[in-house]
Amino acid sequence: MKKQKKGTSPVAIRELKARVAELEETLRAIRMGEVDAVLVSSPQGDQVFTLQGAEHPYRLLVETIEEGAATLADDGTVLYSNRSFAAFFGVPLEKFIGAPLQNCVSGQALEFFKALILEAKTASTRGEIRLSRKNGRPRTIRLTLSPNRESGLETICAVATELTEIVDANEALRVTETSLRQLSARLLQLQDEERRRIARDLHDITGQKIAVLSMTLDRLTRLTEQRNPEHEPIRESREIVTQIGEEIRTLSYILHPPLLDECGLASAVHWYAEGFEKRSGIKLEVAIEADLPRLPIDAETTLFRVVQESLTNVHRYSGSSVAKIRISKESGEVRLEVVDHGLGIKGGAARAKLDGSAPLGVGIPGMRERLHQLGGGLSIDFGTNGTRVVATLPIKKAVAGEAEGDESASSLSVALRSAQDARRRVLIADDHELMRRGLRGLIESHDEWAVCGEAVEGSEAVRKAAELQPDLVIMDVNLPGLSGIEAAARIRQEREGAKILFFTVHDSEEMVREIIDAGGSGYVAKSRASQDLIEAVRNVLGGKTFFPAAAAAAAGRR
C-alpha cells in the first residue's frame, strides 16, 4: 500500500478548495463593483488599497452638480476642477487645470482671493468675489475653502456657488425699498403742504370773511337796537356766525397748527402737549431750550410731526402714565427726544409697527426718510422700561424777513398829527383787505379814534409805526415776511412805550405767552372781534391790558 504525499491530505485539499472559492467570490465582487477597497495585512501593518474605478460614482456626482468643485495647491494652482468651477471663471477645463487660479481674477477681487487662499491653509474660510465678464453683467461667486492634508499632501478643497441672481435680486429689492421710503417721505411732505394750504385758506379766506361778517352784524345790531331793541334775528345770526367761525378755526388747527408758522416749533409743541394731556390723561414734561432758533418751516413741521407720531404711539402701545419731550441744540443740530417710562415694547406686532418693519402708512418710516432727506436722522431705542425716540436735524436758520430801510421817525409824523385832531390814532397791520376794511369800519364808528394807516407786511408795519407814531398798533400775528410777533418786538425796541394789540386766530396759553414776551398789551381773537375789539382798544389806550378770561391765568403766571 502506497503512502500519500505530505500536504495532500483530504483535510488540506478541502481547505485549499475553500480558499479558492473565497478568492473566486472576492474576484466576482470586484468585477461587479461591490468592493471599493481591499484591506491587506502585512508585517508592516494593515494597508488599504482603493480599487481602480471605485470612486467613479462619486466622481460622476461631482462632475454633474451645478456647484463648482476643485482641489487647489497651497499656492492657488488648480489640481482638479469640475466643469462648473471652470465655467464660473470663464476658462475651458483643459486650460484651467494646472493653471494658477489667480490668473482668472483681477482688480479688488484678486487681493481678496489671495487673502482667502492664505487663510485657507490653516482653517476653513468663506468669501464672495465679483468676477467681470466681457459680455454681460458681472458674476458674484461665493468661495468656500478648506485645508486638506490627506495622503501626505497639503491641498485646499474649494467649492464655488453662484450668487449672481440672489445679489441682483437683493439689489433690486434695496432700490425698491429706497424708492418706497422716498415716496413715503414725499407723501408726508405733500400731505403737510396740502394741510397747510387748506388750513391757511380756511384762516385767510373763509375765517376772515366770517370775522368781517361778524363785525358787520355787530355794527348792524347797534344800529337796529336804537330803533328796535327786540330785534332777535340779527343777534341770532351773529351767534350762528360766531359758532361757524369757531368750527372753522378748530378744523384749521387740526389740519395745521397756526402756531407752527407764527411762533415756531417750541410754541407749537407746548400747545400740542397741553391738548394731549387733556385728551389722553398722560402727564407730559416738556423741556425746550429758551434760545432755540427758528428753523425752515419744512424742518419745524417734520419735527412737530415726529412729536405727534411718537406721542400717539406712547398712548397706544406703552401703557406709560408719563412721558417727556426734550428739545435742545448741540453741535450744530437740533435734537428732539420723546421718552416714555412704560412697560416697553414686548409685543412683536407693536414693536414692528413702531420701528417700521410692518406697514404703518407713512408714520415713523416716512418720518425717518423725511428727516434723512433734510440731513437728519431718526432712531428708536426699545427697552424693557420704556421707549426713546430721538430725531436730529442740522440747524439751518429760517430766512429772515425783508430788510428794512431807514425807519427813523421823520417830520412826516409831525405833519400828520394835526393839533385840531384830538382823536387817538390807530395803525392796522393785517394782510387781508377785507379784514382791514372791517377793522377800519369798527374803529371809525367811534368818533374818538381814527385809523392813521394800514400795513400788509411785518416790515411795513415796523416802518409805518416809526413814521406815523400811532397811539395803538393792531397787529395780526400771522403776517408775511416778519411775523407779527417779530414786528412787535422791533417796534418795542425802537419805541418802548408803544401800545400793541394783537389780532389772532389762535388764543391758546402758548400764544398769550408769545404776545406778552413780544411786549403786547393784549389780544383779540378774530372769532370774537365783533364782541371784544372795541373793549380791547379802549382798555389798551387807557393804559390797561386786555386778555380774555380763558387765557388770563396764563398771563398772570407770566
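Along each chain, the written sequence defines residue order, and numbers are assigned to residues from 1. This being a predicted model, a pLDDT of at least 70 is required before a residue's local features are given, and a value of 80 or more before pairs of side-chain atoms are given or counted; all residues contribute to the totals for chains, interfaces and linings. Note that water and hydrogens are dropped before the side-chain values are worked out from all heavy atoms of the structure.

### Things to note about the overall build of the chain
In step 1: Secondary structure is summarised from DSSP: a helix means a run of H or I of at least four residues, a strand means a run of E of at least two, and numbering begins at the N terminus for each. For the chain, the helix and strand inventory stands at 19 helices and 17 strands.
In step 2: Relative accessibility decides the category of a residue: with a 1.4 Å probe and only protein chains considered, values under 20% of the type maximum give buried, values over 50% give exposed, and everything between is partly exposed. Looking at the chain as a whole, 43% of its 558 residues are labelled buried.
In step 3: Within the structure as shown, the chain displays about 30500 Å² of accessible surface, and the carbon and sulfur contribution to it stands at 53%. Using a 1.4 Å probe, the Shrake-Rupley method yields the accessible areas, and only the shown protein chains count as cover for residues.

### What about the packing of aromatic side chains?
In step 1: Within 6.5 Å between ring centres, the rings of Phe, Tyr and Trp (the latter by its six-membered ring) count as paired, and their orientation is classed by plane angle as stacked under 30 degrees, edge-to-face over 60, tilted in between. Inspection of the entire model under this criterion finds seven aromatic pairs.
In step 2: Among the aromatic residues, those joined into a cluster by ring pairs are Trp271, Tyr272, Phe276 and Phe304.

### Some words on the sheet that holds strand S3 (residues 68-73)
In a beta sheet, neighbouring strands are held together by backbone hydrogen bonds and run either parallel or antiparallel to one another.
In step 1: Between any two strands, pairing holds if DSSP finds at least two bridges. Pairing is antiparallel across the open sheet formed by five strands, whose spatial order is S4-S3-S7-S6-S5. Each edge of the open sheet carries a strand with a single partner, namely strand S4 (78-81) and strand S5 (125-131). Neighbouring strand axes in the sheet, compared pairwise and without regard to direction, differ in orientation by 25° on average.
In step 2: As judged from the eight bridges shared by strand S6 (residues 139-148) and strand S7 (residues 155-162), these two strands associate in the antiparallel manner. Each residue of the ladder has a partner; that of Leu145, found in S7, is Ala158.
In step 3: For this analysis, residues touch if any pair of their heavy atoms sits within 4.5 Å. To obtain each axis, a line is fitted to C-alpha atoms, and for helices this fit is confined to the stretch in contact; angles are then taken between N-to-C directions over 0 to 180 degrees. This element, helix H5 (residues 108-120), spans S3, S5, S6 and S7 of the sheet and lies at about 160° to S5.

### Description of unusual backbone geometry
Both trends apply: most residues other than glycine have a negative phi, and most peptide bonds are in trans.
In step 1: Non-glycine residue Ser331 carries a positive phi angle of around 55°.
In step 2: When you line up the elements, Ser331 lands in the loop between strand S9 (322-330) and strand S10 (333-340).

### Some points on a nonpolar patch on the surface
In step 1: Candidate patch residues must exceed 30% relative accessible area and have no salt bridge, after which like charges are joined if within 9 Å and Val, Leu, Ile, Met, Phe, Trp or Tyr side chains if within 5 Å. For salt bridges, the criterion is a side-chain nitrogen of Lys or Arg within 4 Å of an Asp or Glu carboxyl oxygen. A cluster of nonpolar side chains, Leu180, Leu183 and Leu187, forms an exposed patch at the surface whose accessible area comes to about 290 Å².
In step 2: Using a relative accessible area of 44% as the deciding quantity, one classes Leu187 as partly exposed.

### Brief notes about the confidence of the model for the chain
In step 1: This prediction gives the chain a mean pLDDT of 77; 79% of its residues lie at or above 70.
In step 2: Scored between 0 and 100, pLDDT is the confidence that the predictor attaches to each residue. A low-confidence stretch, residues 355-362 (pLDDT under 50), is modelled with 13 contacts involving residues beyond four sequence positions or located in other chains.
In step 3: In the model, residues 399-420 has pLDDT below 50 throughout and makes 24 contacts with residues more than four positions away in sequence or in other chains.

### Side note on the side chain of Thr392
In step 1: Topologically, Thr392 is positioned in strand S12 (residues 386-394).
In step 2: Beyond its immediate sequence surroundings of up to four residues, Thr392 is in contact with Glu333, Val334, Arg335, Leu371, Gly376 and Gly377.

### Notes on the sheet that holds S10
In step 1: Here five strands make up an open sheet; going across it, the order is S8-S9-S10-S12-S11 and the pairing mixed. The sheet is open, and its two borders are formed by strand S8 (283-288) and strand S11 (377-383), each paired with just one other strand. Taken pair by pair, the neighbouring strands of this sheet meet at an average axis angle of 10°, ignoring direction.
In step 2: Bridge count for S8 against S9 is six bridges, and the pairing is parallel. Of the residues in S9, the one forming a bridge with Lys283 is Val322.
In step 3: Together, S8 and S9 form the strand contacts of helix H9 (residues 265-280), whose direction differs from that of S8 by roughly 170°.
In step 4: Sheet strands in contact with helix H12 (residues 364-373) are S11 and S12, and its direction is about 140° off that of S11.

### Digging into the pattern of salt bridges
In step 1: Tallying each qualifying case throughout the model produces 19 salt bridges.
In step 2: When the shortest N-O distance is used, the salt bridge between Arg370 and Asp298 registers 3.8 Å. With Arg370 in helix H12 and Asp298 in helix H10 (residues 297-318), the pair connects residues that are 72 residues apart, well separated along the chain.
In step 3: Under the relative-accessibility criterion, Arg370 is labelled buried at 6%.
In step 4: Owing to a relative accessible area of 30%, Asp298 belongs among the partly exposed residues under this scheme.
In step 5: Taken together, the shared-partner salt bridges in this structure form one network comprising Arg326, Arg335, Glu337 and Arg388.

### Considerations on the environment of Lys396
In step 1: Positionally, Lys396 belongs in the loop between S12 and helix H13 (411-416).
In step 2: Put simply, Lys396 and Pro293 are 103 residues apart on the chain and 9.0 Å apart in space, counted from C-alpha to C-alpha.
In step 3: Those residues in contact with Lys396 that lie beyond four places of it in its chain are Arg294, Leu295 and Pro296.

### Here's the deal with helix H14 (residues 433-444)
In step 1: By this rule the span expected of a helix is its residue count minus one, scaled by 1.5 Å. The end-to-end C-alpha separation of H14 is 16 Å, in line with the 16 Å expected for twelve residues at 1.5 Å each.
In step 2: Within H14, the full set of buried residues consists of Met435, Arg436, Gly438, Leu439, Gly441, Leu442 and Ile443.

### Quick word on the environment of Gly520
In step 1: When you line up the elements, Gly520 lands in the loop between helix H17 (509-517) and strand S17 (522-525).
In step 2: Taking the relative accessible area as the measure of exposure, Gly520 reaches 14% and is therefore buried.
In step 3: For the pair formed by Gly520 and Met475, sequence separation is 45 residues and the distance between their alpha carbons is 9.4 Å.

### Re the packing of H14 against helix H18 (residues 529-541)
In step 1: One can describe the packing of H14 onto H18 by two numbers: an axis separation of 11 Å at closest approach and a directional angle of 55°. By the angle between their axes, H14 is oblique relative to H18. Seen from above, H14 lies across H18 with right-handed handedness. On H18, the residues touching Leu439, Leu442 and Ile443 of H14 are Ala529, Leu533, Ile534 and Val537.
In step 2: Under the grouping applied here, Gly and all other residues not named as nonpolar or charged are polar, the nonpolar ones being Ala, Val, Leu, Ile, Met, Phe, Trp, Tyr, Cys and Pro and the charged ones Asp, Glu, Lys and Arg. Residues belonging to the contact of H14 with H18 are distributed by class as follows: seven nonpolar, no polar and no charged. With respect to orientation, any angle under 35 degrees is reported as roughly parallel, any angle over 145 as roughly antiparallel, any angle of 65 to 115 as roughly perpendicular, and every other angle as oblique. Left-handed describes a crossing in which the near helix is turned anticlockwise from the far one by less than a right angle; the clockwise case is right-handed.

### Side note on the nonpolar core
Soluble globular proteins: nonpolar side chains tend toward being buried together.
In step 1: By nonpolar core is meant a set of buried Ala, Val, Leu, Ile, Met, Phe, Trp, Tyr and Cys residues that side-chain atoms within 4.5 Å join together. Counting 66 residues, the largest nonpolar core has Leu303, Ile327, Leu336, Met475 and Phe502 as its most contacted members.
In step 2: Beyond its immediate stretch of four places on either side in the chain, Met475 contacts Ala429, Ala461, Gly484, Ala487, Ala488, Ile491, Ile500, Leu501, Phe502 and Phe503.
In step 3: Val78, Ala86, Leu110 and Leu143 belong to the second largest nonpolar core, which has 25 residues in total.

### Quick notes on the pairing of strand S16 (residues 500-504)
In step 1: Of all five residues that make up S16, five are buried, and the element is covered over most of its length.
In step 2: Alternating residues of S16 divide into Ile500, Phe502 and Thr504 and Leu501 and Phe503, and every residue in both groups is buried.
In step 3: The pairing of strand S15 (residues 472-476) with S16 spans four bridges and is parallel. Residue pairing in the sheet places Ile474 in a bridge with Leu501 of S16.
In step 4: Call a crossover right-handed when, viewed with both strands pointing away from you, the route from the first strand across the helix to the second goes clockwise. Running through helix H16 (residues 484-494), the crossover from S15 to the neighbouring parallel element S16 is right-handed.
In step 5: Summarising the sheet, S16 and S17 pair through four bridges and their orientation is parallel. Opposite Phe503, over in S17, you have Val524 as the bridge partner.

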